[in-house]
Amino acid sequence: MPNFTARLVPSADITLQVWTDPPTGSAPSRLNPRDIYQHQYWRVALDSAVIVRATVNGVESPLDSALGGDLFTYHWGEWTETTPPPIGSPPGRSSVAVFTVSNMTGHYLLFVRRRNGGAVGLHFDVELVF
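Quick notes on the rules
- Residues numbered from 1 in each chain as written.
- Predicted model: local features only at pLDDT ≥ 70, side-chain atom pairs only at ≥ 80, totals over all residues.
- Heavy atoms only, no water.
- Helix = DSSP H or I, 4+ residues; strand = E, 2+ residues; numbered from the N terminus.
- Buried < 20%, exposed > 50% of the residue type's maximum accessible area, 1.4 Å probe, protein only.
- Areas by Shrake-Rupley, 256 points an atom, 1.4 Å probe, with all protein chains shown as cover.
- Lys, Arg positive; Asp, Glu negative; His and termini not counted.
- Charge placed at Lys NZ, Arg CZ, Asp CG, Glu CD.
- Salt bridge = Lys/Arg side-chain N within 4 Å of Asp/Glu carboxyl O.
- Core = buried A, V, L, I, M, F, W, Y, C linked by side-chain atoms within 4.5 Å.
- Contact = heavy atoms within 4.5 Å.
- Pairing = 2+ DSSP bridges.
- Axes fitted to C-alpha atoms, helices over the stretch in contact; angles between N-to-C directions.

Trainee: Could you give an account of the overall build of the protein chain, with specific residues and numbers?
Mentor: Assigned secondary structure in the protein chain consists of zero helices and nine strands. Principal-axis analysis of the C-alpha atoms places the extent of the protein chain at approximately 60 × 30 × 25 Å. In the protein chain, which comprises 130 residues, the share counted as buried stands at 33%. When the accessible surface of the protein chain is split by element, carbon and sulfur atoms take 55% of a total near 7900 Å². Distance between charge centroids for the protein chain: 9 Å, based on 9 positive and 11 negative side chains.

And the structure:
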(Lines give C-alpha, C1' and ligand atoms only; values in the text may rest on other atoms or scores of the structure.)
Protein backbone atom coordinates (compact mmCIF):
# COMPACT_ATOMS: atom_id res chain seq x y z
CA MET A 1 0.00 0.00 0.00
CA PRO A 2 1.44 3.38 -0.95
CA ASN A 3 2.41 5.88 1.72
CA PHE A 4 1.36 8.84 -0.43
CA THR A 5 -1.47 10.02 -2.68
CA ALA A 6 -1.28 11.57 -6.14
CA ARG A 7 -3.71 13.57 -8.22
CA LEU A 8 -4.13 15.43 -11.47
CA VAL A 9 -4.45 19.16 -10.83
CA PRO A 10 -7.83 20.31 -12.21
CA SER A 11 -7.93 23.29 -14.55
CA ALA A 12 -10.08 24.61 -17.37
CA ASP A 13 -8.54 21.89 -19.59
CA ILE A 14 -8.47 19.07 -17.00
CA THR A 15 -11.90 18.24 -15.66
CA LEU A 16 -13.80 15.43 -13.99
CA GLN A 17 -16.57 14.29 -16.35
CA VAL A 18 -19.63 12.10 -15.81
CA TRP A 19 -19.35 8.86 -17.76
CA THR A 20 -22.72 7.89 -19.17
CA ASP A 21 -23.98 4.81 -20.95
CA PRO A 22 -27.76 5.19 -21.21
CA PRO A 23 -30.03 2.16 -20.78
CA THR A 24 -31.46 0.57 -23.90
CA GLY A 25 -34.98 -0.91 -23.96
CA SER A 26 -35.56 -2.89 -20.77
CA ALA A 27 -31.80 -3.35 -20.09
CA PRO A 28 -30.16 -1.07 -17.52
CA SER A 29 -27.03 0.87 -18.27
CA ARG A 30 -24.02 -1.44 -18.64
CA LEU A 31 -21.85 0.94 -16.65
CA ASN A 32 -24.24 2.25 -14.07
CA PRO A 33 -27.03 -0.10 -12.94
CA ARG A 34 -27.74 2.13 -9.92
CA ASP A 35 -28.40 5.74 -10.85
CA ILE A 36 -27.50 7.08 -7.41
CA TYR A 37 -23.80 6.47 -8.19
CA GLN A 38 -22.24 8.55 -10.95
CA HIS A 39 -19.28 7.05 -12.81
CA GLN A 40 -16.67 9.67 -13.59
CA TYR A 41 -13.40 10.00 -15.48
CA TRP A 42 -10.70 12.63 -15.91
CA ARG A 43 -10.80 14.40 -19.27
CA VAL A 44 -7.68 16.20 -20.47
CA ALA A 45 -7.93 18.48 -23.49
CA LEU A 46 -5.42 17.71 -26.24
CA ASP A 47 -2.34 20.00 -26.11
CA SER A 48 -2.91 20.92 -22.45
CA ALA A 49 -0.14 21.07 -19.86
CA VAL A 50 -0.87 18.48 -17.16
CA ILE A 51 0.39 18.81 -13.59
CA VAL A 52 0.44 15.86 -11.19
CA ARG A 53 1.05 16.47 -7.48
CA ALA A 54 1.89 13.90 -4.84
CA THR A 55 1.02 14.35 -1.15
CA VAL A 56 3.08 12.83 1.66
CA ASN A 57 1.90 12.98 5.29
CA GLY A 58 -0.61 15.69 4.42
CA VAL A 59 1.93 17.90 2.62
CA GLU A 60 1.22 18.42 -1.08
CA SER A 61 4.26 18.64 -3.37
CA PRO A 62 6.93 18.39 -0.66
CA LEU A 63 10.52 19.31 -1.49
CA ASP A 64 12.90 16.43 -2.15
CA SER A 65 14.90 17.46 0.92
CA ALA A 66 11.86 16.54 3.08
CA LEU A 67 11.47 13.04 1.59
CA GLY A 68 14.39 11.34 3.31
CA GLY A 69 15.83 10.07 0.02
CA ASP A 70 12.58 8.32 -0.99
CA LEU A 71 12.00 10.33 -4.17
CA PHE A 72 9.29 10.00 -6.82
CA THR A 73 9.59 8.61 -10.33
CA TYR A 74 7.01 8.49 -13.11
CA HIS A 75 6.42 6.13 -16.00
CA TRP A 76 3.69 5.36 -18.50
CA GLY A 77 1.62 2.20 -18.25
CA GLU A 78 -0.69 3.03 -21.19
CA TRP A 79 -0.49 5.62 -23.94
CA THR A 80 -1.80 5.98 -27.47
CA GLU A 81 1.08 7.82 -29.12
CA THR A 82 4.03 6.11 -30.83
CA THR A 83 6.24 7.23 -27.96
CA PRO A 84 4.91 8.36 -24.60
CA PRO A 85 4.96 12.06 -23.70
CA PRO A 86 8.12 13.15 -21.86
CA ILE A 87 7.64 13.82 -18.14
CA GLY A 88 9.51 16.54 -16.27
CA SER A 89 9.72 17.78 -12.68
CA PRO A 90 10.79 21.13 -11.25
CA PRO A 91 14.30 21.05 -9.74
CA GLY A 92 14.27 19.68 -6.18
CA ARG A 93 10.63 18.64 -6.34
CA SER A 94 10.18 15.08 -7.64
CA SER A 95 6.69 15.14 -6.08
CA VAL A 96 5.48 17.21 -9.06
CA ALA A 97 5.28 15.94 -12.64
CA VAL A 98 4.54 18.03 -15.72
CA PHE A 99 3.81 16.81 -19.24
CA THR A 100 1.77 17.64 -22.35
CA VAL A 101 -0.10 15.16 -24.53
CA SER A 102 0.08 16.81 -27.91
CA ASN A 103 -0.13 14.16 -30.61
CA MET A 104 -3.05 11.82 -30.03
CA THR A 105 -6.32 11.43 -28.17
CA GLY A 106 -7.07 8.26 -26.20
CA HIS A 107 -6.64 6.56 -22.83
CA TYR A 108 -3.51 7.07 -20.72
CA LEU A 109 -2.21 5.57 -17.47
CA LEU A 110 0.57 7.28 -15.53
CA PHE A 111 2.29 5.44 -12.67
CA VAL A 112 3.65 7.50 -9.78
CA ARG A 113 6.21 5.56 -7.74
CA ARG A 114 8.05 6.42 -4.57
CA ARG A 115 11.15 4.58 -3.43
CA ASN A 116 10.13 2.51 -0.38
CA GLY A 117 6.64 3.96 -0.69
CA GLY A 118 4.66 2.03 -3.30
CA ALA A 119 2.90 3.25 -6.43
CA VAL A 120 -0.31 4.91 -7.60
CA GLY A 121 -1.82 4.71 -11.09
CA LEU A 122 -3.64 7.70 -12.57
CA HIS A 123 -6.00 7.03 -15.49
CA PHE A 124 -7.23 9.81 -17.77
CA ASP A 125 -8.59 10.26 -21.28
CA VAL A 126 -7.25 12.84 -23.73
CA GLU A 127 -9.99 14.29 -25.92
CA LEU A 128 -10.50 17.06 -28.45
CA VAL A 129 -12.34 19.80 -26.58
CA PHE A 130 -14.00 22.64 -28.45
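There is more to say, and it comes next.
Trainee: Describe the pattern of salt bridges, and please don't skip the residues or the numbers.
Mentor: Think of it this way: side chains of opposite charge can pair up when their charged atoms draw near. Counting across every chain of the model gives two salt bridges. Salt-bridge contacts for Glu60 lead to Arg7; the nearest nitrogen and oxygen are separated by 2.7 Å. Taken together, the positions of Glu60 in strand S5 (residues 59-60) and Arg7 in strand S1 (residues 5-8) put the pair 53 residues apart, joining distant regions of the chain. A salt bridge links Asp70 to Arg115, with the shortest nitrogen-to-oxygen separation between them at 3.5 Å.

Trainee: Which residues make up the nonpolar core, and what values do they have?
Mentor: If you look at soluble globular proteins, the nonpolar side chains tend to sit buried side by side. Phe4, Val50, Val52, Phe72, Phe99, Val112 and Phe124 are the most contacted members of the largest nonpolar core, which totals 23 residues. Put simply, the parts of the chain that give this core at least two residues each are S1, strand S4 (49-56), strand S6 (72-78), strand S7 (96-100), strand S8 (106-114) and strand S9 (118-127). Setting aside anything within four residues of it in sequence, one finds Phe72 in contact with Phe4, Ala54, Val56, Leu67, Ser94, Ser95, Val112, Arg113 and Arg114.

Trainee: Outline the environment of Glu60, listing residues and values.
Mentor: Overall, Glu60 belongs to the partly exposed group, its relative accessible area being 35%. Along the backbone, Glu60 and Ala6 are 54 residues apart, and their C-alpha atoms lie at a distance of 8.9 Å. Ignoring sequence-local partners within four residues, the contact set of Glu60 consists of Arg7, Arg53, Ala54 and Thr55.

Trainee: Go over the sheet that holds S8, please, and point to the residues and values.
Mentor: Sheet architecture is open: five strands sit in the order S2-S3-S9-S8-S6, paired in mixed fashion. If you trace the sheet from one side to the other, it starts and ends with strand S2 (14-18) and S6, each paired once. Across the sheet, the axes of successive neighbouring strands diverge by a mean angle of 40°, strand direction being ignored. Relative to strand S3 (residues 40-45), S2 runs antiparallel, the two sharing five bridges. Along S3, the bridge assignment pairs Ile14 with Val44.

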